[in-house]
Amino acid sequence: GIVATVVAGGAALAMLIPPATAQQRDPAYEQARAGGLVGEKPDGYLGFVVPPTPSIKALVDDLNIKRKALYTQRATENAATVEQYAFTSGCNLIMQTRSGEKYQSPDGAWQTRGGGDPIRDSRCP
């Protein structure tokens, strides 16, 4: 279907997003991620594993706003919807999590990344 086509096409595009983005250099973000407070969601955005402090909420909200801006720009450049681009990015961002980091599986449950591959949506490339 169209989702599979867009997801497959978007996979190559999402690879253009370097894994070491500015957000991963932010010590507060790294600490929240390493501490299991925040994690990657299948929709391409960060989520809260536990209720956030005001500072963590502000940090994540800011990062998600920046992600949406990037997804909007890339989706426009590649004739995809923002949701399609964000979904493909979510697939890739979950795949890039490190052992011990949190991510959300397709059923909405928070998982801790182990040594193997994470549980991802079946539509992921």
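**Structural notes on the nonpolar core**
- Counting 8 residues, the largest nonpolar core consists of Tyr29, Ala32, Val38, Leu46, Ile56, Leu59, Val60 and Leu63.
- For this core, the elements supplying multiple residues, two or more each, are helix H3 (27–34) and helix H4 (54–77).
- The dominant element in this core, judged by the number of residues it contributes, is H4, at 4 residues.
- Filtering out sequence-adjacent residues up to four positions away, Ile56 remains in contact with Ala28, Ala32, Val38 and Phe48.
- Counting 7 residues, the second-largest nonpolar core is a separate cluster that includes Tyr71, Ala75, Val82 and Tyr85.

**A look at the sheet that holds strand E3 (residues 102–104)**
- If you trace the 4 strands from one edge of the open sheet to the other, you get E2-E1-E3-E4, paired in mixed fashion. The open sheet has two edge strands, strand E2 (46–48) and strand E4 (110–112), and neither has a second partner. Taken pair by pair, the neighbouring strands of this sheet meet at an average axis angle of 45°, ignoring direction.
- Sheet topology places strand E1 (residues 38–40) next to E3; 2 bridges connect them, and they run parallel. Bridging from a neighbouring strand, Gly39 pairs with Lys102 of E3.
- H4 contacts E1 and E2 of the sheet and is inclined by roughly 155° relative to E2.

**A short note on the packing of aromatic side chains**
- According to the stated counting rule, one finds 2 aromatic pairs in the structure shown.
- Note on Tyr45 and Tyr71: the rings are 5.4 Å apart at their centroids and 70° apart in plane angle, and the pair reads as edge-to-face. With a gap of 26 residues between them, Tyr45 in the loop between E1 and E2 and Tyr71 in helix H4 connect regions that are remote in the sequence.
- The buried category is assigned to Tyr45, whose relative accessible area is 15%.

Definitions and limits used
Residues numbered from 1 in each chain as written. Predicted model: local features only at pLDDT ≥ 70, side-chain atom pairs only at ≥ 80, totals over all residues. Heavy atoms only, no water. Core = buried A, V, L, I, M, F, W, Y, C linked by side-chain atoms within 4.5 Å. Buried < 20%, exposed > 50% of the residue type's maximum accessible area, 1.4 Å probe, protein only. Helix = DSSP H or I, 4+ residues; strand = E, 2+ residues; numbered from the N terminus. Contact = heavy atoms within 4.5 Å. Pairing = 2+ DSSP bridges. Axes fitted to C-alpha atoms, helices over the stretch in contact; angles between N-to-C directions. Phe/Tyr/Trp six-rings, centres within 6.5 Å; stacked < 30°, edge-to-face > 60°.

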